[in-house]
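# Remarks on the overall topology
The residues making up each chain are set out below.
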Amino acid sequence: MNLDHPVLSSLLPVVFLIFIGLVADKAKLVRGESVRDLSNLVFLVLTQALLFRTMSSVHIEQLDFRPVVQYFLVAGTLFVSMLWVYGGNSRASVLALASIFSNTLMIGVPLVGLAYGQEGLVLLFTLISLHALVLLSAATLVLELQVAREQAALSGQPRPIWRTVASAIRNAIIHPVPLPILVGLLYAQTDWGLHPIVDRPLALLGSAFGPIALVLVGITLSQTPIGQQFKSALKLSLVKTVLHPLLMLALGWLLGLRGLHLAVMTVAAALPIGANVFLFSQRYRKEEETVTAGVAVSTAMAVLSVSAVMAVLPLLPA
């Protein structure tokens, strides 16, 4: 087995970090009651630094949004479909998000860099610059609307629809993920840049996000009855690593996407479930065990799905 293959060299570190979390929990190095605090640290500190710093250098006019628009068209269609399949409630929002949210950063960046070089990375960074903003903001808005509806049904006092929508939009924007993206994007347009005194701490915090988030997945996975969740996790992983890239490939081809643009967007769709979905499920306490198992199962399945996509793409006519 060639461990230097770009797929394996990108996915195996992710599997290893999850395994470290499993071992840490089994060895009682992390107390059960500390997991929520660790999740808050990742979600409210490390994620903020990573997203703001990433977006603080993005200039909108330099980005090619055409392939990204097609990517989001596929993701949006699949999200709505899975929302309906899972029942259209608050838990369905989390599962639907898991069906479309790829690990573009921790796995996608090294994988695309090795396979497609700098030109491929520019395309992927264009997607990454909007990936969390568009998908997490949309999922947050939908989930907040559903939570408000469910709370109104329980209390028997429905709120006016305009107030529910306004509250959902506010919660979607003033949120640990979209807010630093928006602030970073606005800051980037000033061309002021980040002073090293600010940039270096943000870089250190941002670089800690990936490994700590994956170790946290392993810790939570250790506390999750994976046998009971395997069937649900497998279904979720099949949608994410098989159906998602197939839809991206088919629709992208029909809409005229070719070559490197089609390759990068399809590979991005074939990636496993991103750690942000796990953090999202923990924040709202919805389907935590299924999503945790889904991250692990989809990471293993992505070895096959990404390999298949990268093998098929060169065979397509130009």
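The preceding data block contains the structure.
Notes on the structure in this doc start here. (Residues numbered from 1 in each chain as written. Predicted model: local features only at pLDDT ≥ 70, side-chain atom pairs only at ≥ 80, totals over all residues. Heavy atoms only, no water.)

## Let's talk about the overall build of the protein
Which entries qualify depends on this criterion: Only DSSP runs of H or I covering at least 4 residues are called helices, and only runs of E covering at least 2 are called strands; the numbering of each starts at the N terminus. For the exposure calls, accessible area comes from a 1.4 Å probe over protein chains only, and a residue counts as buried if that area is under 20% of its type's maximum, exposed if over 50%, partly exposed in between. Contact criterion: two residues are considered in contact whenever any of their non-hydrogen atoms come within 4.5 Å of each other. What sets the accessible areas is the Shrake-Rupley method with a 1.4 Å probe; for residues, cover comes only from the shown protein chains.
Summing up its helical and strand segments, the protein has 12 helices and 0 strands in all. The secondary structure elements of the protein, listed N-terminal to C-terminal, are α-α-α-α-α-α-α-α-α-α-α-α. In the protein, buried positions account for 49% of the 318 residues. Sequence-distant contacts in the protein: of pairs separated by 6 or more residues, those separated by 24 or more amount to 85%. If you sum the accessible surface of the protein, you get close to 14800 Å²; carbon and sulfur atoms cover 68% of it.

## Structural notes on the packing of aromatic side chains
Stated formally: Between 30 and 60 degrees the pair is tilted, below 30 it is stacked and above 60 it is edge-to-face, where a pair is any two Phe, Tyr or Trp rings, Trp via its six-membered ring, whose centres lie within 6.5 Å.
As enumerated under the stated definition, the model contains 4 aromatic pairs in all. Pairing Phe 52 with Tyr 187 gives two aromatic rings, centres 6.0 Å apart and planes at 50°, and the pair type is tilted. Of this pair, Phe 52 sits in helix 2 (residues 35-55) while Tyr 187 sits in helix 7 (residues 178-188), and the two are 135 residues apart along the sequence. We classify Tyr 187 as partly exposed; its relative accessible area is 23%. Taking the centre distance of 6.0 Å and the plane angle of 75° together, the rings of Tyr 187 and Trp 192 count as edge-to-face. Given the relative accessible area of 67%, Trp 192 is considered exposed.

## Describing the packing of helix 9 (residues 226-254) against helix 10 (residues 259-270)
Using the following cut-off: The axes are straight lines fitted to the C-alpha atoms, using for helices just the contacting stretch, and the angles between their N-to-C directions are given from 0 to 180°. Put simply, angles under 35 degrees are roughly parallel, angles over 145 are roughly antiparallel, angles from 65 to 115 are roughly perpendicular, and the rest are oblique. Take the far helix as the reference: if the near one is turned anticlockwise from it by less than a right angle, the crossing is left-handed, and if turned clockwise, right-handed. Any residue outside Ala, Val, Leu, Ile, Met, Phe, Trp, Tyr, Cys, Pro, Asp, Glu, Lys and Arg is labelled polar, Gly included; the first ten of those are nonpolar and the last four are charged.
Where helix 9 contacts helix 10, the two axes come as close as 7 Å, and the packing angle between them is 160°. Here helix 9 lies roughly antiparallel to helix 10, going by the angle between them. The crossing of helix 9 and helix 10 is right-handed. Where helix 9 approaches helix 10, its residues Lys 240, Thr 241, His 244, Pro 245, Met 248, Leu 249, Gly 252 and Trp 253 are matched on the opposing element by Leu 262, Met 265, Thr 266, Ala 268, Ala 269 and Ala 270. Across the contact of helix 9 with helix 10, the residue classes tally to 9 nonpolar, 4 polar and 1 charged.

## Focus on the pattern of salt bridges
Condition: Salt bridges are identified by distance alone: a Lys or Arg side-chain nitrogen within 4 Å of an Asp or Glu carboxyl oxygen.
Following the criterion strictly, the structure yields 3 salt bridges and no others. Note that Asp 199 is salt-bridged to Arg 53, the shortest N-O span being 2.7 Å. Of the two residues, Asp 199 sits in helix 8 (residues 196-222) while Arg 53 sits in helix 2, which places them 146 residues apart along the sequence. For Asp 199, a relative accessible area of 21% corresponds to the partly exposed category. For Arg 53, a relative accessible area of 33% gives the class partly exposed. Glu 287 is the partner of Arg 91 in a salt bridge, and the nearest nitrogen-oxygen pair spans 2.7 Å. Of the two residues, Arg 91 is situated in helix 4 (residues 90-98) and Glu 287 in the loop between helix 11 (275-284) and helix 12 (288-312); the sequence distance between them amounts to 196 residues. Judged by relative accessible area, Arg 91 falls into the partly exposed class, the value being 30%.

## Side note on a nonpolar patch on the surface
Cut-off, in case you're wondering: Patch criteria: residues need more than 30% relative accessible area and no salt bridge. Like-charged residues are merged within 9 Å; nonpolar side chains of Val, Leu, Ile, Met, Phe, Trp and Tyr are merged within 5 Å.
Residues Phe 16, Phe 19, Ile 20 and Val 23 make up a contiguous nonpolar surface patch of about 370 Å² in total accessible area. One can find Phe 19 in helix 1 (residues 6-26).

## Overview of the packing of helix 8 against helix 11
It is the contact of helix 8 with helix 11, at a shortest axis distance of 10 Å, that shows an interaxial angle of 60°. Between helix 8 and helix 11, the interaxial angle falls into the category oblique. Crossing angle aside, the handedness with which helix 8 passes helix 11 is left-handed. From helix 8, Phe 209, Ala 213, Leu 216, Val 217 and Thr 220 reach across to helix 11, where they touch Ala 275, Asn 276, Phe 278, Leu 279 and Gln 282. Partitioned by chemical class, the residues of the contact of helix 8 with helix 11 number 7 nonpolar, 3 polar and no charged.

## What about the side chain of His 244?
You can see His 244 is positioned in helix 9. The buried category is assigned to His 244, whose relative accessible area is 0%. Ignoring anything within four residues of it in the chain, the contact list for His 244 reads Tyr 71, Val 74, Ala 75, Leu 78, Ser 99, Ile 100, Ser 102, Val 239 and Ala 269.

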